[in-house]
Amino acid sequence: MTAATTIYLDHAATTPCRPEVIAALVPYLGEHFGNPSGIYGLSRASRAALDAARADVAAVLHCHPSEVIFTSGGTESDNLALRGVATAARRAGRGNHIVISAIEHHAILHAADELEAQGFAITRIGVDGTGQVTPEAVAAALRPDTCLVSIMLANNEVGTINPIAAIAAIAHARGIPVHTDAVQAPGALSLDVEALGVDLLSLSGHKFYGPKGVGVLYVRQGLAFVPQQQGGGQEAGRRAGTENLAGIVGLATALTFAEAERPEVSARLAALRDRLAQGLVAAIPDLIINGHPVDHLPGTLHLNLPGVDGEALLYGLDARGIACSAASACSAGSTAASHVLTAIGIDTINSGASLRLTLGRTTTADEIDHVIAVLPRFVASLRGTLALAG
Ligand code: PLP
């Protein structure tokens, strides 16, 4: 394997559209360009494709198609969930307090900051040493005026999976709706909203081999929810704007494949990820693996490398044909400490470089073995211990 060959290990940041997705969506950029809201044949074909995509997404979520809202991605879905429920609760005089966790994506954290500036009370609950939100912590945070709990299904940095069903049961016992950011979950975890017990759930097409700029917000039938974008009556009046039909068809196709292949792909990724972890642990002294030892996404391996400069590591790996990141894609260019690692209690100053290696459906054993061959030697050279490492 040459340095010019890129080994892509940043699937948590984004994934390539799979060929079947491109084949499915392209006709909706050209031939089938009709606006789904029109009444003539061209538009009716577009409407049929939109309805079929909605039914396909609903089948994976185990919900009714009318509960699926198409959005512009995970960020919009998260914002819409928080603002939509908070606005409805405030209007109804039913509560002013929202519970989130400290390890949420910035789409939740910053949306919550904005709601706080508008007078909502926000509780940001901490996590344990594995990055997990415990049901007990959620229970302790609930108040009589809590109108929403929003906890992510799986974390995008360390990959830890949260016990959402147990968290939802606690909130529901108090009559409080629950949102989960499931953006990292498709293809790895079940998205069955009944089993998860959630009232709102966010997805983003580009995280599961679908297009960028398209997402889903599931909103349970009957939940008080105020749309946050005014205009036409699309998405049953809950999200105005002409639909991104090609993106929606692509997302639905990708989600159907991700769910069908989930058992096989997640087992394969888990085995490759374990092989990578074992190979690196054996070859790199002091290496720390972050996240939950069992409840983690199958393809995510998050490391700390004490005594290693993070920037030099990432640029050097890039030069060696290995594409990965330190934390999330959104903070890849930032030198600020990761809020996730800080919440876990990792001393980001002294723990050296952070490295997130996220495998995907096309990752091969050869690629993993190449990383196991290259990374320890490079880490030793950055630590100035190459001679010792041999
Ligand atoms: N939530 C999580 C957990 C994510 O990982 C991301 C993307 O990195 C988002 C939300 C935002 O999704 P999008 O890129 O579609 O706006």
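A brief report on the enclosed structure follows. Treat the numbers as computed from the prediction; the structure is a model and nothing was measured.

Strand order in the open sheet made by the three strands is 9-10-12, with antiparallel pairing throughout. Both outer strands of the open sheet, strand 9 (288–290) and strand 12 (353–358), are each paired with one neighbouring strand and no more. Here the average twist between neighbouring strands, direction ignored, is 30°. Inspection of the sheet shows strand 10 (residues 300–305) paired to strand 12 by six bridges, in the antiparallel sense. The residue bridging H302 from the neighbouring strand is R356, located in strand 12. Packing of helix 10 (residues 310–319) onto the sheet brings it into contact with strand 10 and strand 12, and relative to strand 12 it is tilted by some 35°.

Contact pair helix 9 (residues 262–283) / helix 12 (residues 365–383): the axes reach a minimum separation of 9 Å and the direction vectors enclose 20°. In terms of orientation, helix 9 lies roughly parallel with respect to helix 12. Both helix 9 and helix 12 take part in a crossing whose hand is right-handed. Only A365, I368, D369, V371, I372, L375 and P376 of helix 12 make contact with helix 9, whose side of the interface consists of L272, R275, L276, G279, L280 and A283. Considering only residue class, the contact of helix 9 with helix 12 consists of ten nonpolar, one polar and two charged.

Let us now look at the sheet that holds strand 2 (residues 68–71). Overall, mixed pairing links the seven strands, which are arranged 2-8-7-6-5-3-4 in an open sheet. The open sheet has two free edges, formed respectively by strand 2 and strand 4 (121–125), since each of these has just one partner strand. Taking the axes of each pair of neighbouring strands and ignoring which way they run, one obtains an average angle of 20° across the sheet. Relative to strand 8 (residues 215–219), strand 7 (residues 200–204) is paired through five bridges, and the arrangement is antiparallel. By the bridge assignment for strand 8, S202 is matched with L217. Docked against the sheet, helix 6 (residues 164–173) engages strand 5 (146–150) and strand 6 (178–181), running at close to 160° with respect to strand 6.

This structure, assessed with the given rule, holds zero aromatic pairs. Positioned above the aromatic ring of F257, the side-chain terminus of R18 is 4.2 Å from the ring centre. The aromatic ring of F378 is capped on one face by R320, whose charged end is 3.8 Å from the ring centroid.

Calculation criteria
Numbers given for residues are sequential positions, taken from 1 along each chain in its written order. Selection of residues for local features in this predicted model requires a pLDDT of at least 70, selection of side-chain atom pairs for listing and counting requires 80 or more, and totals for whole chains, interfaces and linings are taken over all residues. Where side-chain values are given, they derive from all heavy atoms of the structure, hydrogens and water being excluded. At least two bridges found by DSSP between two strands are what make those strands a pair. Labels follow the DSSP assignment, with helices taken as runs of H or I lasting at least four residues and strands as runs of E lasting at least two, numbered in each case from the N terminus. Helix axes are fitted to C-alpha atoms over the stretch in contact, other axes to C-alpha atoms as well, and angles between N-to-C directions run from 0 to 180 degrees. A contact between two residues is defined here by any heavy atoms of the two lying within 4.5 Å. In these notes the angle categories are as follows: under 35 degrees is roughly parallel, over 145 is roughly antiparallel, 65 to 115 is roughly perpendicular, and the rest is oblique. A crossing counts as left-handed when the near helix is turned anticlockwise from the far one by less than a right angle, and as right-handed when that turn is clockwise. Under the scheme applied here, ten amino acids are nonpolar (Ala, Val, Leu, Ile, Met, Phe, Trp, Tyr, Cys and Pro), four are charged (Asp, Glu, Lys and Arg), and all others, including Gly, are polar. For this analysis, a ring pair means two rings from Phe, Tyr or Trp (six-membered ring only for Trp) whose centres lie within 6.5 Å, classed as stacked if their planes differ by under 30 degrees, edge-to-face if by over 60, and tilted for the remaining angles. Two thresholds decide whether a charge sits over a ring: the Lys NZ or Arg CZ must be within 6 Å of the ring centre and within 35 degrees of the ring normal.

That is the geometry; function is a separate question.
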